[in-house]
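# Examining the three-dimensional arrangement
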Amino acid sequence: MRTAAIIAFLSFAGTAGAQTIVAADYIEPTERYAHGILGDGIEHAGLEVTLSDGSKRTAVWPELVVFEDTKSCLVDLDGDGAPEVITVETHENFGARLSVWGIDDSNGFVNLAATGYIGRPFRWLAVVGAADMDGDGHMEIAYVDRPHLAKTLMV
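### A closer look at the nonpolar core
In this structure, Leu 77, Ile 86, Val 88, Leu 98, Leu 125 and Ile 141 are the most contacted members of the largest nonpolar core, which totals 15 residues. At the level of secondary structure, the elements contributing two or more residues to this core comprise strand 6 (84-91), strand 7 (95-103), strand 9 (125-131) and strand 10 (140-145). The residues touching Val 88, leaving out its near neighbours within four places in the chain, are Tyr 26, Val 66, Phe 67, Glu 68, Asp 69, Ala 96, Arg 97, Trp 124, Leu 125 and Val 127.

Spelled out as structure tokens, the structure:
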């Protein structure tokens, strides 16, 4: 039996000048990961967010990692009123993982949490969404682990 992945989520204290993420887009198209699970050979090396003041922050992965998805999800996961960004990241040797990005208390764009990689290349996952699914007051993230193989819903 497979157990749910656990993501340790880091919380940052807000400051008066804190900005919030209002948009997130994948940037820097690349063909360096030849999985093509989304119908083409294009993935993205970078993630760019637009903040509430109009400024932008970016994160760009080195050679072995790509963002393997069509659109990231913006959801307030920690209840502070500001959304975080849920992404699918894939390592060339270890496959996909779920990752959460956000703005820290100095308005820096940082990786806040991630699951472990699936463990093999050409293994993918698909984000379903995020909500308080069990009524405990905490947000959960749902995704399908290996939609074409395992077909396992993870929360």
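There is more to say, and it comes next.
### Here's the deal with the environment of Asp 104
When you line up the elements, Asp 104 lands in the loop between strand 7 and strand 8 (109-114). As a C-alpha pair, Asp 104 and Ala 18 span 86 residues in sequence and 8.3 Å in three-dimensional space. In terms of polar contacts, Asp 104 uses its side chain to reach the side chain of Ser 106, at 3.0 Å. A polar contact of 2.7 Å, which involves the side chain of Asp 104, links it to the backbone nitrogen of Gly 108.

### Considerations on unusual backbone geometry
A positive phi angle is found at Glu 28, which is not glycine, with a value near 55°. Mapped onto the fold, Glu 28 is located in strand 1 (residues 21-30). Its identity is not glycine, yet Asn 107 carries a phi of approximately 65°, on the positive side. Counting through the fold element by element, Asn 107 comes out in the loop between strand 7 and strand 8. Its relative accessible area of 15% is what places Asn 107 among the buried residues.

About the thresholds
Residues numbered from 1 in each chain as written. Predicted model: local features only at pLDDT ≥ 70, side-chain atom pairs only at ≥ 80, totals over all residues. Heavy atoms only, no water. Core = buried A, V, L, I, M, F, W, Y, C linked by side-chain atoms within 4.5 Å. Buried < 20%, exposed > 50% of the residue type's maximum accessible area, 1.4 Å probe, protein only. Helix = DSSP H or I, 4+ residues; strand = E, 2+ residues; numbered from the N terminus. Contact = heavy atoms within 4.5 Å. Polar contact = N/O pair within 3.5 Å; in protein donor to acceptor, adjacent residues only side chain to side chain.

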